[in-house]
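Here are the chains, one letter per residue:
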Amino acid sequence: GGETMGSPCDTPSAGGPATVAFCQGVEKQERGDTDGAIGDFVHALELQPDLTDAHLLLGVGYFDRRDYGRAIEEYDKYLAVIPDDSHAWSNRAVACLRSGDLAAARADIDRAIELKPHDLPLLENRVVIARESEDFKTVITDCTWLIEHYPPKVTWLMDRGKALGAESRYAESLADFQQVVKSEPTADAYYYRGVTRYFLQQYEAAVADFSQALSLDADFAPAYLKRCTAHYYRQEYLSGIKDCDEFVRRRPDSYDGYYNRGILRSRAGDQDGALDDYRRGVELAGNALDAGNAWYGVGLSSERAGRMTEARQAYQRAVEVNPEQKQAREALRRLQK
């Protein structure tokens, strides 16, 4: 909306008190004085209610203040008068996204792109909105178009790589992360390449990537967890336990750390330690799937320790919590023979 207001603010006094107040608001907004700018725009509208651009900049101001509801109201007023401003639709889309209304955000950004197809900032905003909406196909399509028509940005490659991974297109995802690592070898880049290699069952290479990520950022907790599970598939249980220890230390209230460490401890022969972890997992489980898996772990470790009554009780509890827990059902049938 900046180009619509340059002319009246060249000589604000010629437009009267409303224009003076409006242009003072523009100056304050440019200086970062959001509250002062909002006050001036409100005053300008009191003096001249049809000063439509003031609604647009009020939307910007309220957005900067994280008052997304009021920002949307101001964009509504602006777009009711000027419905062909693609960037105003985009602004409202981002405000809707921040307020949690993903459907409205998507409708607005699609409208913006209808008005101005292939506009770089609009497409970038749609990638963000589609990513938050888990619309991975749109992320892939838009990022591909941007990469093919502009010098590729690492952010586009990163977003497309993650979306391809979410669609289980791991070979294509790996190609994107290879480019990301080459361009910007950050902890994030190595981590996501490692995740992709993990899903391709390239566990040795995945461990190397997670290790590289941790060499760049020793507090990168997710890398400890993924390296822990990669160690599991390499049957390196003690190394995996150490990584889970680090993850649990950093994320003491995370189900995943305890559950995965329980698996590794049980495989390493430490059934008492595994039981402690699985029981903590039961306490932290946020859904029936996780709770059922943790109870199954309690049952399996109990069975491995020769505590058959406890094993049966835990398997039964797993099925009660999650009727889809097939492993627990099979274990119960096995123990009843």
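Before reading on, note that the structure itself is shown above.
Residues numbered from 1 in each chain as written. Predicted model: local features only at pLDDT ≥ 70, side-chain atom pairs only at ≥ 80, totals over all residues. Heavy atoms only, no water.

A. Focus on the packing of helix α16 (residues 255-267) against helix α18 (residues 288-304). At a minimum axis distance of 11 Å, the contact between α16 and α18 shows a crossing angle of 20 degrees. As judged from the angle between their axes, α16 and α18 are roughly parallel. The interaxial crossing formed by α16 with α18 has left-handed handedness. Side by side, α16 and α18 meet where Y255, Y259, S266 and R267 of the first sit next to D290, N293, A294, S301 and R304 of the second. Here the residues of the contact of α16 with α18 sort into 3 nonpolar, 3 polar and 3 charged. (Axes fitted to C-alpha atoms, helices over the stretch in contact; angles between N-to-C directions. Helix = DSSP H or I, 4+ residues; strand = E, 2+ residues; numbered from the N terminus. Parallel < 35°, antiparallel > 145°, perpendicular 65-115°, else oblique. Left-handed = near helix turned anticlockwise from the far one by under 90°. Contact = heavy atoms within 4.5 Å. Nonpolar A, V, L, I, M, F, W, Y, C, P; charged D, E, K, R; others polar.)

B. Spotlight on the pattern of salt bridges. For the structure on display, the rule yields 33 salt bridges. Across the pair D253 and R280 runs a salt bridge, and its minimum N-O distance is 3.6 Å. Taken together, the positions of D253 in the loop between α15 (237-250) and α16 and R280 in helix α17 (residues 271-284) put the pair 27 residues apart, joining distant regions of the chain. Here D277 makes a salt bridge to R261, at a shortest N to O gap of 2.8 Å. Here D277, found in helix α17, pairs with R261, found in helix α16; they are 16 residues apart in sequence, far enough to count as distant. As far as burial versus exposure is concerned, D277 and R261 are alike and both buried. A cluster of three or more residues bridged by salt bridges with shared partners is formed by R106, D110, R126, D135 and D142. (Salt bridge = Lys/Arg side-chain N within 4 Å of Asp/Glu carboxyl O. Buried < 20%, exposed > 50% of the residue type's maximum accessible area, 1.4 Å probe, protein only.)

C. Focus on the nonpolar core. Counting residues in each nonpolar core, the largest one holds 72 residues, and the members touching the most others are F22, F41, V180, Y191, A213 and F220. If you look at the next biggest cluster of nonpolar residues, it comprises 10 residues, including A311, V319, A331 and L332. (Core = buried A, V, L, I, M, F, W, Y, C linked by side-chain atoms within 4.5 Å.)

D. Looking closely at the packing of aromatic side chains. Applying the stated rule across the entire model yields 18 aromatic pairs. Ring centres 5.8 Å apart and planes at 45 degrees place the aromatic pair Y191 and F210 in the tilted group. Remark: F210 occurs in helix α13 (residues 203-216) and Y191 occurs in helix α12 (residues 187-199); sequence separation between them is 19 residues. Three or more aromatic residues joined by ring pairs form one cluster here, namely Y170, Y198, F199, Y203, Y232, Y233 and Y237. Here the guanidinium or amino end of K226 rests over the ring plane of Y198, the centre of that ring lying 3.9 Å away. Geometry around Y258 places R280 over its ring, the cationic atom sitting 5.7 Å from the centre. (Phe/Tyr/Trp six-rings, centres within 6.5 Å; stacked < 30°, edge-to-face > 60°. Lys NZ or Arg CZ within 6 Å of the ring centre and 35° of its normal.)

E. Structural context of the side chain of E303. For E303, the location among the structural elements is in helix α18. Beyond its immediate stretch of four places on either side in the chain, E303 contacts M308, A311, Y315, R334 and L335.

F. Structural view of the state of the cysteines. This structure, assessed with the given rule, holds 1 disulfide. The disulfide that involves C228 links it to C244, with 2.2 Å between the sulfurs. Classification of the bridge connecting C228 and C244 rests on its S-S torsion, roughly -55 degrees, and on that basis the disulfide is left-handed. Highlighted residues: C228 in helix α14 (residues 221-233) and C244 in helix α15, separated in sequence by 16 residues. Residue C228 is classed as buried on the basis of its relative accessible area of 0%. Here C244 falls in the buried class, since its relative accessible area comes to 0%. (Disulfide = S-S within 2.5 Å.)

G. Quick peek at helix α4 (residues 52-64). Under the 1.5 Å per step criterion, the end-to-end length of α4 is 19 Å for 13 residues, consistent within 8% with the ideal 18 Å. For α4, the buried fraction is high: 11 of the 13 residues fall into the buried class. Restricting attention to buried positions, one finds in α4 the residues T52, D53, A54, H55, L56, L57, L58, G59, G61, Y62 and F63. Immediately beyond the C-terminal end of α4, within one or two residues, lies R66, with a positive phi of roughly 65 degrees. (Expected span 1.5 Å × (residues − 1).)

H. Seen up close, unusual backbone geometry. Not every positive phi belongs to a glycine, and H118 is a case in point at roughly 65 degrees. With respect to the helices and strands, the residue H118 is situated in the loop between α7 (102-115) and α8 (120-132). Judged by relative accessible area, which is 45%, H118 ranks as partly exposed.

I. Representation of the layout of surface pockets within the structure. Considered as a void within the structure, the largest pocket measures approximately 270 Å³ in volume. Mapped by element, the contributors of at least two residues to the lining of the largest pocket are α14, α16 and α18. For the lining of the largest pocket, the residue count by class is 9 nonpolar, 3 polar and 3 charged. Forming the walls of the second largest pocket are G161, K162, G165, A166, Y170, S173, F177, Y191, Y192, V195, T196 and F199. Elements represented by at least two residues in the lining of the second largest pocket include exactly α10 (154-166), α11 (170-183) and α12. The dominant element in the lining of the second largest pocket, judged by the number of residues it contributes, is α12, at 5 residues. In terms of residue class, the lining of the second largest pocket is made up of 7 nonpolar, 4 polar and 1 charged. (1 Å grid on protein atoms, 1.4 Å probe; cavity = no way out; pocket = protein on both sides within 12 Å on 5 of 7 lines; lining within 4 Å. Points joined across faces, edges and corners; volume = space filled by probe spheres on them.)

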